[in-house]
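Tertiary structure, described
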Amino acid sequence: MLKLEGVSAGYGDFQALFGASLDVQAGEAVAVIGPNGAGKTTLLRVISGIIPLREGHLSMEGRPLDRVPAHRIIETGIAHVPENRRLFPRLTVEENLKIGAYLPAARSRFAERLDFVYSLFPRMKERRNQLAGTMSGGEQQMCAIGRALMSGPKLLLMDEPSAGLAPVIVQQVFDLVRRIRSEGYTVLIVEQNIQQVLKVVDRAYLLEVGRIKLSGKSADLLASDEIRRAYIGL
Ligand SMILES: Nc1ncnc2c1ncn2[C@@H]1O[C@H](COP(=O)(O)OP(=O)(O)O)[C@@H](O)[C@H]1O
Ligand SMILES: [Mg+2]
């Protein structure tokens, strides 16, 4: 569904990604794991067109997206749950959700999509009139995921959904990821919480200082000495 080949990107003179290649098949959940500063957020920004790629190729369902602006990329069915959630704190939950449905195609199905998000996350329905900024971190993450689902995406990109949350809430966020998968969405998630994320995805890529160092099935990575020693601390 999504394919990156030799993608490089950066900021000004600084290069953050060096020839990264990865693919995500329809129906799969794939993680990009790696430490802080590895380039995980940059990778998702390139996929959603927020920053341009400097080398390499990017395609979605066979359609090249190398120099396609962000708003066109959303139309191909990619939705991005950004780092730190980026909700509008002084808008209500429902107003935030509405913002996710701004594409003409999604707008006409707004009521239907809202019902779907509320059925997936009944908590959001209860809190529909609450200001997003007054909710707990876990609820805000749920709202950010709901907002991304409002565009009716095929592929959901998630940037460290567990970051900054208390351990019990982290567990709930990974349960959400599981539920989204079971709804048939294809998911590409970046995480520093390696042990937890490997339990909810099929495959993962390890990114270190802008380069993909290894990749494999989650179970194999969880068992790998390299991953365990460097990242799980066992
Ligand atoms: N807007 C930016 N301007 C300059 N450098 C940036 C910017 N965003 C990220 N970087 C740098 O790019 C590298 C990768 O960052 P990032 O993709 O955010 O990593 P991660 O998400 O894995 O923590 C880091 O060295 C970071 O300092
Ligand atoms: Mg990041």
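Residues numbered from 1 in each chain as written. Chains lettered and ligands numbered in written order. Predicted model: local features only at pLDDT ≥ 70, side-chain atom pairs only at ≥ 80, totals over all residues. Heavy atoms only, no water.

With that settled, consider the packing of aromatic side chains. Applying the stated criterion to the full structure yields one aromatic pair. On the numbers, 6.4 Å between centres and 50° between planes, the contact of Phe-116 with Tyr-185 is tilted. With a gap of 69 residues between them, Phe-116 in helix 5 (residues 110-120) and Tyr-185 in the loop between helix 8 (167-182) and strand 8 (186-191) connect regions that are remote in the sequence. For Phe-116, a relative accessible area of 22% corresponds to the partly exposed category. Tyr-185 sits in the buried class, given a relative accessible area of 9%. Sitting over the face of the ring of Phe-110, Lys-98 holds its NZ or CZ atom 5.5 Å from the ring centroid. (Phe/Tyr/Trp six-rings, centres within 6.5 Å; stacked < 30°, edge-to-face > 60°. Helix = DSSP H or I, 4+ residues; strand = E, 2+ residues; numbered from the N terminus. Buried < 20%, exposed > 50% of the residue type's maximum accessible area, 1.4 Å probe, protein only. Lys NZ or Arg CZ within 6 Å of the ring centre and 35° of its normal.)

Now for the site of ligand 1. Around ligand 1 lies a shell formed by Tyr-11, Phe-14, Ala-16, Pro-35, Asn-36, Gly-37, Ala-38, Gly-39, Lys-40, Thr-41, Thr-42 and Arg-45. Measuring from an oxygen atom of ligand 1, one finds a backbone N or O atom of Gly-37 at 2.7 Å. Between an oxygen atom of ligand 1 and a side-chain N or O atom of Thr-41, the distance comes to 2.8 Å. About the coverage of ligand 1: the protein hides 64% of its 560 Å² of free accessible area. Elements represented by at least two residues in the shell around ligand 1 include exactly strand 2 (14-24) and helix 1 (40-47). (Near = heavy atom within 4 Å. Polar contact = N/O pair within 3.5 Å; in protein donor to acceptor, adjacent residues only side chain to side chain. Areas by Shrake-Rupley, 256 points an atom, 1.4 Å probe, with all protein chains shown as cover.)

Next up on the list: the sheet that holds strand 6 (residues 78-81). If you trace the six strands from one edge of the open sheet to the other, you get 6-7-8-3-9-10, paired in mixed fashion. Both edges of this open sheet fall to strand 6 and strand 10 (211-217), since each of them pairs with a single strand only. If you compare each strand with its neighbour and ignore which way they point, the axes differ by 15° on average. Direction of pairing for strand 9 (residues 203-208) relative to strand 10: antiparallel, over a ladder of six bridges. Paired with Tyr-205 across the bridge in strand 10 is Ser-215. Strands strand 3 (29-33), strand 7 (155-159) and strand 8 of the sheet are contacted by helix 8, whose axis makes an angle of about 160° with strand 8. (Pairing = 2+ DSSP bridges. Axes fitted to C-alpha atoms, helices over the stretch in contact; angles between N-to-C directions. Contact = heavy atoms within 4.5 Å.)

The protein atoms donating to the magnesium ion (ligand 2) are Thr-41 (OG1) and Glu-83 (OE), with metal-donor distances spanning 2.0 to 2.3 Å. Separated by 42 residues along the polypeptide, Thr-41 in helix 1 and Glu-83 in the loop between strand 6 and helix 3 (93-99) bring together distant segments of the chain. (Donors = N, O, S within 2.8 Å, 3.2 Å for Na, K, Ca; no water.)

Here the idea is plain: a probe the size of a water molecule rolls over the atoms and shows the empty space left. Computed from the structure, the largest pocket encloses a volume of approximately 540 Å³. Taken together, 22 residues make up the lining of the largest pocket; nearest its centre are Ile-50, Ile-74, His-80, Pro-82 and Arg-147. Taken together, the elements giving at least two residues each to the lining of the largest pocket come down to helix 1, helix 2 (70-75), strand 6 and helix 7 (137-149). A total of four residues in the lining of the largest pocket trace back to one element, the largest contributor, which is strand 6. When grouped by side-chain class, the residues that make up the lining of the largest pocket number 12 nonpolar, five polar and five charged. In this model, the second largest pocket occupies a volume close to 190 Å³. Taken together, 14 residues form the lining of the second largest pocket, with Leu-103, Ala-105, Ala-106, Ser-151 and Gly-152 sitting closest to its centre. Broken down by secondary-structure element, the contributors of at least two residues to the lining of the second largest pocket are helix 2 and helix 4 (104-107). In terms of residue class, the lining of the second largest pocket is built from six nonpolar, four polar and four charged. (1 Å grid on protein atoms, 1.4 Å probe; cavity = no way out; pocket = protein on both sides within 12 Å on 5 of 7 lines; lining within 4 Å. Points joined across faces, edges and corners; volume = space filled by probe spheres on them. Nonpolar A, V, L, I, M, F, W, Y, C, P; charged D, E, K, R; others polar.)

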